[in-house]
Each structure stands twice: as C-alpha cells, then as structure tokens.
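What follows is each chain in one-letter form.
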Amino acid sequence: MNFKVISTIVLLLLVSNVHSQTLNDTIAKRLSSYKSVKLTADLSAFSDQEKEGIRMLIRAARAIDQIFWVQSYGDPNLLNTVTDTTTAKFMALNYGPWDRLNDFQPFVKGVGPKPKGANFYPKDMRKGEFDSLEDVNKKSPYTVIVRNREGKLEVIPYNFYYEHYLNQAITSLFAASTMFRDDTAFSKYLMLRGRAMRMNDFDASDRAWLDLKDNRLDIIIGPIENYEDQLYGIKTAYESYVLVKDMEWSKRLEKYVKYLPELQKGLPVDKKYKAENAGSSSQLNAYDVIYYAGDCNAGSKTIAVNLPNDETLQVEKGTRRSQLKNAIKAKYDYIMKPIADELIDTNQLKHITFDAFFSTIMFHEVAHGLGIKNTINGKGTVRDALGANYSALEEGKADILGLYMITQLHDKKVLKEGQLMDYYVTFMAGIFRSVRFGAGSAHGKANMIRFNFFKEKGAFTRNETTGRYSINFEKMKLAMTELSALILQLQGDGDAQGVQKLVDEKGKIMPELQRDLDRLSAKNIPVDLVFEQGEEVLGLNNR
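Being a predicted model, the structure only gives us computed values, none of them experimental.

(A) Quick peek at a positive patch on the surface. Residues Arg252, Lys255, Lys258 and Lys416 make up a contiguous surface patch of positive charge. Relative to the assigned elements, Lys416 resides in the loop between α16 (390-411) and α17 (420-435). The class of Lys416 is exposed, set by a relative accessible area of 67%.

(B) Spatial organisation of the layout of surface pockets. Counted as a void, the largest pocket has a volume near 920 Å³. Pro141, Ile234, Thr236, Glu311 and Arg383 are the residues nearest the centre of the largest pocket, which is lined by 38 residues in total. Those elements giving two or more residues to the lining of the largest pocket turn out to be α5 (127-132), α8 (184-199), α9 (203-211), β6 (217-225), α12 (311-317) and α15 (382-386). Across the lining of the largest pocket, the residue classes break down as 17 nonpolar, nine polar and twelve charged. Empty space within the second largest pocket amounts to approximately 690 Å³. In terms of lining residues, the second largest pocket is bounded by 29 residues, among which Arg30, Leu101, Asn102, Asp518 and Ser521 are the most central. Of all elements in the fold, only α2 (24-32), β3 (105-106) and α21 (511-522) reach the threshold of two or more residues within the lining of the second largest pocket. Taken together, the residues of the lining of the second largest pocket sort by class into 14 nonpolar, nine polar and six charged.

(C) Representation of the nonpolar core in the model. Ranked by size, the top nonpolar core spans 178 residues in total, and within it Met197, Tyr292 and Phe454 carry the most contacts. At twelve residues, helix α3 (residues 48-72) tops the list of elements feeding residues into this core. Once residues lying within four places of it in the same chain are set aside, the contact partners of Met197 are Ile64, Asn159, Leu166, Ala169, Ile170, Leu173, Phe202, Ile221, Gly222 and Tyr238.

(D) Looking closely at the pattern of salt bridges. Taken as a whole and assessed by the stated rule, the structure comprises 34 salt bridges. Of the charged contacts in the structure, one is a salt bridge between Arg100 and Glu228, with a shortest N-O distance of 2.9 Å. Here the residue Arg100 occupies a position in the loop between β2 (98-99) and β3, and Glu228 occupies one in the loop between β6 and β7 (237-245), the gap between them amounting to 128 residues. Each member of the pair, Arg100 together with Glu228, is buried. Salt-bridge contacts for Arg207 lead to Asp203; the nearest nitrogen and oxygen are separated by 2.8 Å. On the criterion of helical spacing, the pair formed by Arg207 and Asp203 is a turn pair, its members being four residues apart in helix α9. For Arg207, a relative accessible area of 25% puts it in the partly exposed group. Connected through salt bridges with shared partners, the residues Glu342, Lys455, Arg462, Glu464, Glu512, Asp516 and Arg519 form a single ionic network.

(E) Structural context of the pairing of strand β9 (residues 304-307). Residues Ala304 and Asn306 of β9 are buried on one face, and the alternating residues Val305 and Leu307, pointing to the opposite face, are buried as well. By the bridge criterion, four bridges tie β9 to strand β10 (residues 320-324) in an arrangement that is antiparallel. Within β10, the residue paired with Ala304 across the bridge is Gln323.

(F) Here's a closer look at the packing of aromatic side chains. Scanning the model with the defined rule gives 30 aromatic pairs in all. Consider the rings of Phe130 and Tyr232, whose centres lie 4.5 Å apart with planes at 25°: the pair is stacked. One end of the pair, Phe130, is in helix α5; the other, Tyr232, is in the loop between β6 and β7, with 102 residues separating them in the sequence. Judged on exposure class, the residue Phe130 and its partner Tyr232 are both buried. A ring pair is formed by Tyr256 and Phe363, whose centres lie 5.3 Å apart and whose planes are at 70°; its orientation type is edge-to-face. Linking Tyr256 in the loop between α10 (247-253) and α11 (260-265) with Phe363 in helix α14 (residues 354-367), this pair joins segments that are 107 residues apart in sequence. What links up through ring pairs into an aromatic cluster is the set Tyr142, Tyr158, Tyr161, Tyr162, Phe202 and Tyr238. When the ring centre of Trp209 is taken as reference, the NZ or CZ atom of Arg320 above it lies at 4.2 Å. In this structure, Lys325 packs its charged tip against the face of Trp249, placed 5.3 Å from the ring centre.

Conventions and cut-offs
- Residues numbered from 1 in each chain as written.
- Predicted model: local features only at pLDDT ≥ 70, side-chain atom pairs only at ≥ 80, totals over all residues.
- Heavy atoms only, no water.
- Patch = residues over 30% accessible without salt bridge, like charges linked within 9 Å, V, L, I, M, F, W, Y side chains within 5 Å.
- Areas by Shrake-Rupley, 256 points an atom, 1.4 Å probe, with all protein chains shown as cover.
- Salt bridge = Lys/Arg side-chain N within 4 Å of Asp/Glu carboxyl O.
- Lys, Arg positive; Asp, Glu negative; His and termini not counted.
- Charge placed at Lys NZ, Arg CZ, Asp CG, Glu CD.
- Helix = DSSP H or I, 4+ residues; strand = E, 2+ residues; numbered from the N terminus.
- Buried < 20%, exposed > 50% of the residue type's maximum accessible area, 1.4 Å probe, protein only.
- 1 Å grid on protein atoms, 1.4 Å probe; cavity = no way out; pocket = protein on both sides within 12 Å on 5 of 7 lines; lining within 4 Å.
- Points joined across faces, edges and corners; volume = space filled by probe spheres on them.
- Nonpolar A, V, L, I, M, F, W, Y, C, P; charged D, E, K, R; others polar.
- Core = buried A, V, L, I, M, F, W, Y, C linked by side-chain atoms within 4.5 Å.
- Contact = heavy atoms within 4.5 Å.
- Pairing = 2+ DSSP bridges.
- Phe/Tyr/Trp six-rings, centres within 6.5 Å; stacked < 30°, edge-to-face > 60°.
- Lys NZ or Arg CZ within 6 Å of the ring centre and 35° of its normal.

As structure tokens, this is what we get:
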C-alpha cells in the first residue's frame, strides 16, 4: 500500500522553499522554547536478556513513530527533504510543518493550514460525501478513508493501510516476548498486542494488559487517542511509551482507586448523570518513561495516561492510570515552578509543591473514570454524541473532577500530604502551564474554558500592579463544583450544541491573559519538553 498521499504540489512547494525561509528566526525562537531533557531510568536490575528485550520494545516504538508521521502529515520521509537543521528539528518535534502549540500555524513557506482530518480522510472530502458513504466501518477508529481510482470514497483498515510499518513493530514485539519468558504474563501480553495490531482487534490484548500486576516493564503501543482527528474525533492515532515501573511509588498510589465508587455517588449532579459504576478494579501506577513515539510525543508531551479507552471494558474491568513520574518531575522543575514564580501571588507561592502537582495530574487520570460513558437520552456514547469537541470536554472534566476528588479525599483524611490550599494554588498555576498549549490541543482548550469560567466566578483575582494571581479558596471551591456539574450534564445529555457554545464563549485566550503568557515567554520559561531518548541515552548501545 502506498501511503505517501501528500499532494505533489505541496511537497514541491515545501522542498523548494526550505532553503529560502524568511521564517527561520521565528522557527529558532519557537524551538528554543522547548527544554531538552534526557529520558533515563535505572536499568541495573534487568538482566542482559531483558535489556535486549528493552531494545526490541524501543524498535517497535520507532516503527509506530513512522505510522504517526503518515497519519499526521502523509510522508514519513519529510525530514529527508529538509537541509536546514533548525527547521528539521522543529518539524520533527511537530511531526510536520505546523506548530502544534501555536494553533497548528504553518511555519514553512507555501504550506497551507493543517487539514482538520489530518491524513485520515481525503483532504478534499466533503461532509456530505462521508455522511452518504455506505460502509459500516467508516466510523471505526481503526480505518482510513481514501479515494479509489474512480474517485469514490473507500474504507481501508489500519492493518492493511499501515502494513509495512506494522509488520516491523509486530516482529519486534514478538522478539521482545521471547526475552521476557520469565514473566509469562508480560510475554503473553506482547504476543497478544502484536496480534491485535495485525487483526485490528484490541479487546484480548487490552484485557491481558489490565491483568498485568507485577511486571517491572511495560509498553503502551497501538492506535489509541483521537485528538489528531479534529474533523470528526473518530480516528485513533498511533503512539507508544516504553515504561519502567516504579514499584514503590505504585504501591503508595494503589489505595486511592478503591474510593472511586464512593466518589462517584457523591458527584455534585443529579443521580441520573452518575448511574454507571466507577471501576474500582482500576490500577494506579507510577513509571519512569524511557521512550516516547508518535502521538504522545508530538508537541506537548503526555505525562499521564488512562487506558484503555473502550467504554465497555472500562465499566467491566476498569482502567490503568499510568503516571510518568520522571516526565512529571521535569515539567515541574523546568516549567511549572518558574511559571508560578512569575504569575502567582508571592504570599501564596509556598503552596506550590511537587506533591500537589503530581497529585493533580494523577487524579486527573483517575477522574476519567467518574461520570458516565453513555448518554442518558439514547444518543449513544458521550464520545459519539459530542463528536470533535468530546476530547476537550472530557479533558476538562478530568481536570475539574480531579480537584474535586482531591478535596473529598483530603476532607476524609485519606489524602494526608500537604494543605488543601497547596492543591488549589498548584492547580491554578497548572492552568497557565496547559493553556500555553493553545486551541490546537484538547488540554489547552479545556484550560482556556476553565480559566475564563473561574475568572467569571471570582475564583481568583489579579493584582493590576504586579500582574500576579491570588486564589480565593472558597469561591474557587464553589466554581469547581458548578463547573463539574455543568460538564457532567453536558456529557450525560450528549448536548453537542451546548458544548460548542461553551467552547465558543470560553475556549479562547483573552488579551490580558495573553499578555501574562507573553511574560512567560519573555522570561524564557519553556512551553514544553523535547526528549533525548533511545539506546545511547540508556547506555544500551554498546551491546
């Protein structure tokens, strides 16, 4: 299958203009706003055979990276056409010529806007064409829509469309499984995951993954999130994380999951919006991530994961919440703390702590399990009912309900670390961090909505002289409760129009906030991270 589907005209424009860039200074400045961090972990406890298995897992992830290039842009060999080093680095970070943390603005001369449907659909496809396409698999998260030789729309499964790179990834997973024979459950999972990508059927491998308990290594790999499809919010993008489990931290975290059913019952909304059971069999683990690939590595780096996304499986077996501890610490040290030092009132800076930052991220992932997955009025799943705006609202729900969970658990003396004010002030500083991701990111859009909602409710005040923000604890608590109820109701009703209205009214950065964000850039505070990673960084290249 030839998946170099970029048009010849666009590619020629790109190649011919790279050498005469007038945007090069801008690209260099944007590139410098990312902090380079080495992804390392202590691998001394692993045998030589297991270390070879880690190499195989990284090799599988690299193949997945190539698939995401196809999905995001169309041609995985784009970087081979670019001779300017700065431009090539920024393209690699963004997986194409569009700046992900600047609302996908093109940064190469002659390149138009990024298609909302990325490379999942023909760029000239009309909505009516898709609606009238008679194929039961057109809305599958694991199919690509293309034009056949007659110019008609055709549906092709991922396992055929990306067959070349998938074969590389699958072969590496099978090879890795033989290196971990002593861990039979993990070895079995690797085999099942390879077969899942070959067959486009992920249920068995997801179940095997959720059954893993004592594995010291993990890999998340496959077509997972639908953020890249901003046209319909249907198609999933390939990504991979190679992870080393922190057994001690994971043990500390596991106690919180059992409170999910109780917290679900206490949600500040009518009982019909919380009728589903929260999966108390879910896991909460901490990891050091040693390799990112694909969607999770594009632009802003993911630092926590809640999977699988299958709503039926979530209700039946729960999910695994994976906290990527070393990446979280890097974001706190290089981004979060400097932002707080610049924008948070000096009298409240003492409430900015790493424990609070880690907890807000952790409970964000746990909170994905709260609320309901299916609408209350027969509109199907919340995901299907809300379409392209589902991701932004779901991320907003997880953010605000994560703070709700922290408040409830702290009041119950279950969460004993720090003062409750630590979490609220750190949560507010986190809004400034995430809103810098821009409207092109579901997380960025969610934080814009929350900032404007909090401002409207008086949850914080801004000192006109210092430009610093101070939290009003009681008003922020009330705003948290009100926004939680609003989001849960919009999801339960499948109210796509209501969600669009919320996005239109509050999903934008107002001039005053933009000026404050510009101060962060002027202080050279990174907007996000870029990773140095792989065998050499891990000390595995001498094998």
